[in-house]
Amino acid sequence: MADIIKAAHDIFNNGDVPVTVDARGLGMAYAIPSGSDGTVVDTYAPWHSAEQKQVFFRQSSVLGEVLAEIQLLLTWKYSEAQQYIIEAFLAPNLLALDSTVNVKIGVRFDNPQLYDTQLEAYEIPITVTVDCSAIGAHNTEIFRGTIRADGNGSFDRI
């Protein structure tokens, strides 16, 4: 059975939201065997890095100028045996953000699910919400996906 810190985090609010990371160095979300949080990094090493990217883009409907362009980078590490996940993070990379625009980005990691019962391999569902407010307009865009212990994942706009 795997454990996870099931949580929602605001990761960006025009630069003013600090992110608290799990003190054990496992990341904001993880899927590991119960009771192994103190030893999991060494026991299931080596760990491999994986990532998925998505872009949030808004432009002015009147002038066509870019109001916000943000690359959302989802990263995690998976065990050599492709069973477990540690250090799952979402980081925003601001490519462009107009001073008249307010953006808030949140991420929610849900409980892990088995996707291969024979291997005991886990995936973690994620939901990312981007709220963008400009003068006279407000948009909310939702991205959903999964990160998997085999290094694959998805990160799609819905």
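Predicted model only: the values in this text are computed from it and were never measured.

Q: Which parts of the structure should I look at to understand the overall build of the protein chain?
A: Each helix and strand in the protein chain was counted, giving 1 helix and 11 strands. Along the protein chain, from the amino end to the carboxyl end, the secondary structure elements read β-β-β-α-β-β-β-β-β-β-β-β. Burial statistics for the protein chain: of 158 residues in total, 39% are counted as buried. For the protein chain, restricting intrachain contacts to residue pairs at least 6 apart in sequence, the fraction spanning at least 24 positions comes to 59%.

Q: Sorry, what's going on with the packing of aromatic side chains here?
A: The tally for this structure, following the rule as stated, stands at 3 aromatic pairs. Measuring from centroid to centroid gives 6.3 Å for Tyr84 and Tyr122, while their planes differ by 25°, and the two rings are stacked. On the criterion of sequence distance, the pair formed by Tyr84 in the loop between strand S5 (66-79) and strand S6 (85-97) and Tyr122 in strand S9 (residues 121-134) is long-range, its members being 38 residues apart. In terms of burial, Tyr84 and Tyr122 fall into one category: buried. Note on Phe143 and Phe155: the rings are 5.9 Å apart at their centroids and 55° apart in plane angle, and the pair reads as tilted. Of this pair, Phe143 sits in strand S10 (residues 137-148) while Phe155 sits in strand S11 (residues 153-157), and the two are 12 residues apart along the sequence. A relative accessible area of 0% means that Phe143 is categorised as buried. Phe155 sits in the buried class, given a relative accessible area of 3%. A connected cluster of aromatic rings, assembled from ring pairs, spans Tyr44, Tyr84 and Tyr122.

Q: Where do I start with the nonpolar core in this structure?
A: A general tendency of soluble globular proteins is for nonpolar side chains to be buried together. Grouped together as the largest cluster of nonpolar side chains are 39 residues, with contacts concentrated most on Leu72, Leu90, Val103, Ile105, Phe109 and Val128. Those elements that place two or more of their residues in this core are strand S2 (7-13), strand S3 (29-33), strand S4 (47-59), S5, S6, strand S7 (102-109), S9 and S10. The dominant element in this core, judged by the number of residues it contributes, is S5, at 7 residues. Not counting residues within four places of it along the chain, the set of residues in contact with Leu72 comprises Gln52, Lys53, Gln54, Leu90, Ala91, Ile105, Val128, Val130, Phe143 and Phe155.

Rules of the game
- Residues numbered from 1 in each chain as written.
- Predicted model: local features only at pLDDT ≥ 70, side-chain atom pairs only at ≥ 80, totals over all residues.
- Heavy atoms only, no water.
- Helix = DSSP H or I, 4+ residues; strand = E, 2+ residues; numbered from the N terminus.
- Buried < 20%, exposed > 50% of the residue type's maximum accessible area, 1.4 Å probe, protein only.
- Contact = heavy atoms within 4.5 Å.
- Phe/Tyr/Trp six-rings, centres within 6.5 Å; stacked < 30°, edge-to-face > 60°.
- Core = buried A, V, L, I, M, F, W, Y, C linked by side-chain atoms within 4.5 Å.

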